[in-house]
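# Remarks on the overall topology
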Amino acid sequence: SPAGTTTKRAIFRRYSEFRRLFLLLKEAFPRKRLPQPPPRQRPFEGLFRGGGKAKATGEAAVHERRAALEEWLWKLLGD
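Definitions and limits used
- Residues numbered from 1 in each chain as written.
- Predicted model: local features only at pLDDT ≥ 70, side-chain atom pairs only at ≥ 80, totals over all residues.
- Heavy atoms only, no water.
- Core = buried A, V, L, I, M, F, W, Y, C linked by side-chain atoms within 4.5 Å.
- Buried < 20%, exposed > 50% of the residue type's maximum accessible area, 1.4 Å probe, protein only.
- Helix = DSSP H or I, 4+ residues; strand = E, 2+ residues; numbered from the N terminus.
- Contact = heavy atoms within 4.5 Å.
- Salt bridge = Lys/Arg side-chain N within 4 Å of Asp/Glu carboxyl O.

Okay, the nonpolar core next. Nonpolar side chains in soluble globular proteins tend to be buried together. Of all hydrophobic cores here, the largest spans 7 residues; its members are Tyr15, Phe18, Phe22, Leu34, Leu69, Trp72 and Leu76. Elements supplying a minimum of two residues to this core: helix H1 (15–28) and helix H2 (54–78). Residues in contact with tryptophan 72, not counting those within four places in the same chain, are Phe18, Leu21, Phe22, Pro35, Gln36, Pro37 and Pro38.

Below, the structure written as structure tokens:
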């Protein structure tokens, strides 16, 4: 990137891929204390709360899930 600019990239993964990463790391480093991945949310959990605002609530859930997984990855990298 040219000086002073940043580039954002997005990589789409399923929760099961993060879980598999955790299990592979746990197997590769059995004595290392690894942070647990965030819990998996059930499909449609909380989708229709808030007076039928399904789309907004669904988008909020996706954002929260993404943030929790990102935080977990940073914990893995920081250790």
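Scanning the entire structure with this criterion turns up 1 salt bridge. One salt bridge connects lysine 75 with glutamate 71, and the closest N-O pair in it is separated by 3.6 Å. With lysine 75 and glutamate 71 both in helix H2, this residue pair falls 4 residues apart, about one helical turn. Exposure remark for glutamate 71: the relative accessible area of 48% places this residue in the partly exposed category.

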